[in-house]
Amino acid sequence: MLDPLALPPGFTSVPHPAPTSPEARAALLENPGFGRVFTDHMVTIRYREGQGWHDAQLGPRAPLGFDPATAVLHYAQEIFEGLKAYRRADGGVALFRPEANARRLRASAERMAMVPLPEELFVEAVTLLARAERDWIPPQQDGALYLRPFIIASEVFLGVKPSTDYIFAVIASSVGAYFKGEAPAVSLWVSTDYTRAAPGGTGAAKCGGNYAASLIAQAEATRRGHDQVLFLDAVERRWIEELGGMNIFFVFDDGSLLTPPLSGTILAGITRDSLLTLARDRGLTVREERYAIDQARADAEGGRLVEAFACGTAAVVTAIGRMTLGEASFTIGTGAPGQVTQALRQALVDLQFGRAPDPYGWHVRIA
């Protein structure tokens, strides 16, 4: 546990009655996978109408007790974020652009008619938990501590209206590679039956409902032997939008990049935004434009489309080798990670782990 004197103002600390032993923790960290190994502690902050955000606490990770009529269980007022804490070569710990996650959580809250958490309080909460759980960062290359902040509606009522009570919490998970087997490139099933989000909907908010809506399409992709699903727009079923949980980029034979524009139906990925900046600062031409799936197929078969990759906090940057649309499959480039994909991934990871100079102020050392 942290010394109570190190707690941010307004936070209290509750001792853990039985923390994981160093030996048991080391065994868990040998092969943590993704999202299955959880740390000992969590942060919680509560909101009540008329009282505001209060009772900020670092304590043991424990179940949240709910009345059967709790609002989140019936009306799905729930939002979340995802970011990582990284081990530096000198043994220190850093976060990557936590203020961007704080801004996005606020935007998601506003879209879902929830009370936003102050951005500075968000940063304090994730920093506190990352510092407290620094020993849970796996020793493997690219191992990290995945932080999951979320807000749920906690008022007990049955009625369609915004909740008056909320719980903000942060839990942490020791993680390795997102994709099993670390395949050099993934394959995508292009869904023509299901869409992820529609204009005017919640596609730009990071809420659980968006992911729930994607699961049936992801299951179909898996049944058909693919790693991920690719969604098209909900109106014309033609324009590429994003994967179930990642943004997408395309690289052409002239070295330029294209990614679908943010139009209210696509999540504004922080990894996406970081890659746009890195690519432009390296002199690459980047376009945020609509790109049709039939055009992508024609460009791949004609040699113009030479690389594609997906990106997100969990998977970082993952090459896309093949897509299947209906009965037709097509390979992108060589079907393996291309030079631009690998270079951008390496540049991003070096910034995240503090291995390269950071002119952007993205690498935030916290310990």
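Residues numbered from 1 in each chain as written. Predicted model: local features only at pLDDT ≥ 70, side-chain atom pairs only at ≥ 80, totals over all residues. Heavy atoms only, no water.

Bringing the pattern of salt bridges into the picture now. When the charged atoms of two side chains lie near each other, side chains of opposite charge can form a pair. Within the structure shown, the criterion is met by 19 salt bridges. Residue Arg88 pairs with Asp90 through a salt bridge whose shortest N-O separation is 3.1 Å. We note a salt bridge from Asp299 to Arg304, for which the minimum N-O separation is 3.0 Å. Through salt bridges with shared partners, one network takes in Arg88, Asp90 and Arg365. (Salt bridge = Lys/Arg side-chain N within 4 Å of Asp/Glu carboxyl O.)

As a further point, take the packing of aromatic side chains. Under the criterion given, the structure shown has 13 aromatic pairs. Arranged with centres 6.1 Å apart and planes meeting at 55°, the rings of Tyr47 and Tyr166 form a pair that is tilted. One end of the pair, Tyr47, is in strand β3 (residues 41-48); the other, Tyr166, is in strand β9 (residues 165-175), and 119 residues separate them in sequence. The exposure classification of Tyr47 matches that of Tyr166, with both residues buried. Judged by centre distance (4.9 Å) and plane angle (70°), the ring pair of Tyr86 and Phe353 falls under edge-to-face. Remark: Phe353 occurs in the loop between α8 (339-352) and β19 (363-365) and Tyr86 occurs in strand β6 (residues 83-87); sequence separation between them is 267 residues. With respect to class, Tyr86 is no different from Phe353; both count as buried. Among the aromatic residues, ring-to-ring pairing joins Phe34, Tyr146 and Tyr178 into one connected group. Arg25 extends its terminal NZ or CZ atom over the ring of Trp136, reaching a point 5.8 Å from the ring centre. (Phe/Tyr/Trp six-rings, centres within 6.5 Å; stacked < 30°, edge-to-face > 60°. Helix = DSSP H or I, 4+ residues; strand = E, 2+ residues; numbered from the N terminus. Buried < 20%, exposed > 50% of the residue type's maximum accessible area, 1.4 Å probe, protein only. Lys NZ or Arg CZ within 6 Å of the ring centre and 35° of its normal.)

As for its position among the elements, Gly209 is in helix α5 (residues 208-223). Among the residues examined, Gly209 registers a relative accessible area of 46% and is labelled partly exposed.

For any two helices packed against each other, the geometry comes down to the angle between their axes and how far apart the axes lie. At a minimum axis separation of 9 Å, helix α3 (residues 98-111) and helix α4 (residues 119-132) run at an interaxial angle of 130°. Comparing the axis directions of α3 and α4 gives the class oblique. The crossing of α3 and α4 is right-handed. Between α3 and α4, the contacting residues are Pro98, Glu99, Asn101, Ala102, Arg103, Leu105 and Arg106 on the first element and Glu119, Phe122, Val123 and Val126 on the second. Looking at the contact of α3 with α4, its residues break down into six nonpolar, one polar and four charged. (Axes fitted to C-alpha atoms, helices over the stretch in contact; angles between N-to-C directions. Parallel < 35°, antiparallel > 145°, perpendicular 65-115°, else oblique. Left-handed = near helix turned anticlockwise from the far one by under 90°. Contact = heavy atoms within 4.5 Å. Nonpolar A, V, L, I, M, F, W, Y, C, P; charged D, E, K, R; others polar.)

Moving on, we get to the pairing of strand β10 (residues 186-190). Most of β10 sits out of view: five of its five residues are buried. By the alternation rule, side chains of β10 split into Val186, Leu188 and Val190 and Ser187 and Trp189, which are all buried. Relative to strand β17 (residues 316-325), β10 runs parallel, the two sharing four bridges. Bridging from a neighbouring strand, Ser187 pairs with Arg322 of β17. The pairing of β10 with strand β11 (residues 228-232) spans three bridges and is parallel. Pairing of Val190 across the sheet is with Leu230, part of β11. Once the chain exits β10 it traverses α5 before rejoining the sheet at β11, and the crossover so formed is right-handed. (Pairing = 2+ DSSP bridges. Right-handed = clockwise from strand over helix to strand, strands pointing away.)

This part takes up the side chain of Thr318. By the secondary structure assignment, Thr318 is in strand β17. Engagement of the side chain of Thr318 in a polar contact is seen with the backbone oxygen of Ala315, the distance being 3.4 Å. Contacts of Thr318, omitting those with residues within four sequence positions, involve Phe179, Val186, Ala308, Phe309 and Ala310. (Polar contact = N/O pair within 3.5 Å; in protein donor to acceptor, adjacent residues only side chain to side chain.)

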